[in-house]
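So the chains spell out like this:
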Amino acid sequence: MEKQVAIIGAGVSGLLACKYTVSKGFKPIVFEARNSIGGVWINTVETTKLQTPKPAYQFSDFPWPDSVTELFPNQYQVLDYLQSYAHHFDLLKHIKFSTKVLSIKYQGASDEEMQSWSLWGGHGEPFSSRGKWIVEAQDTQNQLSTQVYQVDFVILCTGRFSDVPNIPEFPPDKGPEAFHGDVIHSMDYANMDYESARDFVRGKRVTVVGFQKFAMDIAMECSIANGLEHPCRVLYRTEHWNVPDYNPWGVPLRYLYLNRFSELMVHKPGEGFLLSLLATILAPLRLAFSKFVESDIEKKLRLAKFGMVPKHSFLQELNSCLIATVPQGFYDKVDEGSIILKKAPSFSFCKEGIKVQGEDTPLETDLVILATGFKGEKKLKDIFESKMFQDCILGSPDSAVPLYRECIHPRIPQLAVIGFSESVANLYTSEMRCRWITELLDSTFKLPSIKEMEKEAEKWDQYLKQYSGRYYRRSCIGALHIWYNDQLCKDMGWNPKRKKGFFAELFEPYGPADYVSP
């Protein structure tokens, strides 16, 4: 009997999961709450462009069209590319649009029985004759209409940068309710069309809270709308090594961090004695690479002039997946005064605007835009009806989401998670994970025991903590792209070495095109 796979989300990961499950003869049903594919690219701000250079952000078997000449395409170009991919592989017929998944419930073994298992699902197989997932979905056009689906496997492709905004917590009477102006999240701003967003900020004293990509893009738009008459204030807690381009001192960044030689400088999960020794010996070179990139960023962006030189290393930034590209002309706006950078370890609201900790005079403002990110972990947790699954999907509060190969939770049967763990090129990573999952579904390989999977996930968590330091961020494979893909390749029976010749294998950057075929 044909196995049915539920895929939740029709962003990049959902499209990939759909394409590869179909290629293996499975019957996918993709649930998408909105009326379009594209995930985070459906709603963004006018100045937002792709952060990853185009060659590293493409499907292995579907390159960008020649008509897109920009290295960093804009929102419309990315959406067109995703639409073209979906049409080329005839994926749209598998997608139920305007259908929001409210919850998923596992029907099969009891909690007690599942806790006693030594193999994933009790027998190490992706499917079970007695285990099914019950998916409850709601029609977003008619919220009174809900449907229930029974499926053999679930692939969660809900992402972590949408839907559930992260709103800072404040003491009583010191939150947004104390402020007489407007307070919105960056998600609300992105949901406006471009013209409405411009009109909304025009003529207002705007404060943007945050210093990642979305915060900088919004600040740029506010400065363009209001100029020096109403400068846009950016409240930030930590300086970051945001990059002006990907060519420090004329050397493509991929030659410094996306080849095997660069990974020899880093201690890796599961490495042997020789690789560990090499990483120790090459530590000074690792530091030199980081300083090389930092010096270029400092010079190009004049960070010292603005007091914006970070105290941590570029390598920490990379391993925390916190790197963002700086909008062109951002620091020119800071220099002219239409963007004002203000460090604020903590703040609260008052009637006139914002009070920064340790300062008596409030920052008068009319509008506060919280570019403070999203609660991806909460979204992941809340989709489960089972309290046991809710608890185990998140794991310990001081560790990463405990996924084997960043895809499978050892204690949750017949389910995979794609696109939650970050990398420096998310599309590329999601495609490799989808191929790995579908090979698992097709019984190309078997998973190790639950305890072995948990030990492996713990090794990766220790790597993240080692190289991210206090900027440790949950679920980011950082600067070990190739080592990570090697593990997936070995599982699937592929040769992990994808280049021709010793020097090419060591020094040439790896990208999507290297994995076009097994």
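Quick note: structure is the one above.
Rules used in this analysis
Residues numbered from 1 in each chain as written. Predicted model: local features only at pLDDT ≥ 70, side-chain atom pairs only at ≥ 80, totals over all residues. Heavy atoms only, no water. Helix = DSSP H or I, 4+ residues; strand = E, 2+ residues; numbered from the N terminus. Rg over C-alpha atoms; globule rule 2.2 N^0.38 Å. Buried < 20%, exposed > 50% of the residue type's maximum accessible area, 1.4 Å probe, protein only. Areas by Shrake-Rupley, 256 points an atom, 1.4 Å probe, with all protein chains shown as cover. Lys, Arg positive; Asp, Glu negative; His and termini not counted. Charge placed at Lys NZ, Arg CZ, Asp CG, Glu CD. Core = buried A, V, L, I, M, F, W, Y, C linked by side-chain atoms within 4.5 Å. Contact = heavy atoms within 4.5 Å. Pairing = 2+ DSSP bridges. Axes fitted to C-alpha atoms, helices over the stretch in contact; angles between N-to-C directions. Expected span 1.5 Å × (residues − 1). Arc of directions from axis to C-beta. Patch = residues over 30% accessible without salt bridge, like charges linked within 9 Å, V, L, I, M, F, W, Y side chains within 5 Å. Salt bridge = Lys/Arg side-chain N within 4 Å of Asp/Glu carboxyl O. Left-handed = near helix turned anticlockwise from the far one by under 90°. Nonpolar A, V, L, I, M, F, W, Y, C, P; charged D, E, K, R; others polar. Phe/Tyr/Trp six-rings, centres within 6.5 Å; stacked < 30°, edge-to-face > 60°. Lys NZ or Arg CZ within 6 Å of the ring centre and 35° of its normal. Polar contact = N/O pair within 3.5 Å; in protein donor to acceptor, adjacent residues only side chain to side chain.

## Some thoughts on the overall build of the protein
- From N to C terminus, the protein includes 18 helices and 16 strands.
- In terms of overall size, the protein behaves like a compact globule, its C-alpha atoms giving a radius of gyration of 23 Å where 518 residues would be expected to give roughly 24 Å.
- Over its C-alpha atoms, taken along the principal directions, the protein stretches across nearly 65 × 60 × 45 Å.
- Looking at the protein as a whole, 57% of its 518 residues are labelled buried.
- Summed over its atoms, the accessible surface of the protein is roughly 22300 Å², and 52% of this surface lies on carbon and sulfur atoms.
- Separation of charge centres in the protein, based on 59 positive and 63 negative side chains, amounts to 3 Å.

## Some words on the nonpolar core
- The biggest cluster of nonpolar side chains holds 149 residues, and the ones touching the most others in it are Ile 104, Phe 330, Tyr 331 and Trp 436.
- No other element matches the eight residues that helix H15 (residues 426–441) contributes to this core.
- Those residues within four positions of Phe 330 in sequence are excluded, and the remaining contacts are Phe 211, Met 216, Ala 219, Met 220, Ile 339 and Leu 341.
- Among the nonpolar cores identified, the runner-up in size contains twelve residues, and Phe 170, Phe 179, Phe 347 and Leu 370 belong to it.

## Some remarks on the sheet that holds strand S1 (residues 4–8)
- What the five strands build is an open sheet, ordered S3-S2-S1-S7-S16; its pairing is parallel. Two strands bound the open sheet, and with one partner strand each, they are strand S3 (95–96) and strand S16 (415–417).
- Bridge count between strand S2 (residues 27–31) and S3: two bridges; the pairing is parallel. By the bridge assignment for S3, Phe 31 is matched with Lys 96.

## Some points on the sheet that holds strand S4 (residues 99–107)
- Strand order across the open sheet formed by three strands is S4-S5-S6, with antiparallel pairing between neighbours. One side of each edge strand has no neighbouring strand; the edge strands of this open sheet are S4 and strand S6 (146–151). Across this sheet, the average inter-strand angle for adjacent strands is 20°, counted without regard to direction.

## Topic: helix H16 (residues 450–468)
- Taking 1.5 Å per residue as the helical rise, H16 with its 19 residues ought to reach 27 Å, and the 27 Å between its terminal C-alpha atoms agrees with that figure.
- Of all the residues in H16, the buried ones are Ile 450, Met 453, Glu 456, Ala 457, Trp 460, Asp 461, Tyr 463, Leu 464, Tyr 467 and Ser 468. Each buried residue of H16 lies within a common arc of 155° when the element is viewed along its axis, so the set occupies one face. Exposed and oriented more than 90 degrees from the buried face of H16 are Lys 451 and Lys 455.
- In this structure, the buried side of H16 is in contact with helix H10 (283–301), helix H11 (314–319) and helix H17 (481–492).
- Just past H16, the residue Gly 469 takes up positive phi, approximately 60°.

## Quick notes on a nonpolar patch on the surface
- Residues Phe 273, Leu 274, Leu 277 and Ile 281 make up a contiguous nonpolar surface patch of roughly 460 Å² in combined accessible area.
- If you trace the backbone, Leu 274 turns up in helix H9 (residues 273–281).
- For Leu 274, a relative accessible area of 59% translates into the label exposed.

## What to know about the packing of helix H1 (residues 12–23) against H15
- At a minimum axis distance of 9 Å, the contact between H1 and H15 shows a crossing angle of 35°. Judged by the sense of rotation from one axis to the other, the crossing of H1 with H15 is right-handed. Within the contact between the two elements, H1 uses Val 12, Ser 13, Leu 16, Ala 17, Tyr 20 and Thr 21 and H15 uses Leu 427, Ser 430, Glu 431, Cys 434, Arg 435, Thr 438 and Leu 441.
- For the contact of H1 with H15, the per-class residue count stands at seven nonpolar, four polar and two charged.

## Here we look at the packing of aromatic side chains
- Taken as a whole and assessed by the stated rule, the structure comprises 37 aromatic pairs.
- With a centroid separation of 5.4 Å and an interplanar angle of 65°, the aromatic rings of Phe 170 and Phe 347 are classed as edge-to-face. Here Phe 347 lies in strand S12 (residues 347–349) and Phe 170 lies in the loop between strand S7 (153–156) and strand S8 (182–185), a separation of 177 residues in the sequence.
- Judged by relative accessible area, Phe 170 falls into the buried class, the value being 18%.
- Joined through ring pairs, the aromatic side chains of Phe 59, Phe 62, Trp 64, Tyr 81, Tyr 85 and Phe 89 make up one cluster.
- A cation sits over an aromatic face here: Lys 490 above Trp 483, 6.0 Å from the ring centre.

## Focus on the pairing of strand S9 (residues 206–209)
- Neither face of S9 is left uncovered, since the one carrying Val 206 and Val 208 and the one carrying Thr 207 and Val 209 both have all their residues buried.
- The sheet contact formed by S9 and strand S15 (residues 367–370) spans four bridges and is parallel. Note that in S15 the partner of Val 209 across the bridge is Leu 370.
- Across three bridges, the pairing between S9 and strand S10 (residues 232–236) is parallel. From the neighbouring strand, Val 209 faces S10, where its bridge partner is Leu 235.

## Describing the side chain of Ser 162
- Along the chain, the position of Ser 162 falls in the loop between S7 and S8.
- On the accessibility criterion, Ser 162 (11% relative accessible area) is buried.
- Among the polar contacts made by the side chain of Ser 162, one reaches the side chain of Lys 379 at a distance of 2.9 Å.
- In this structure Ser 162 touches Val 40, Phe 374 and Lys 379, once residues within four positions along its chain are discounted.

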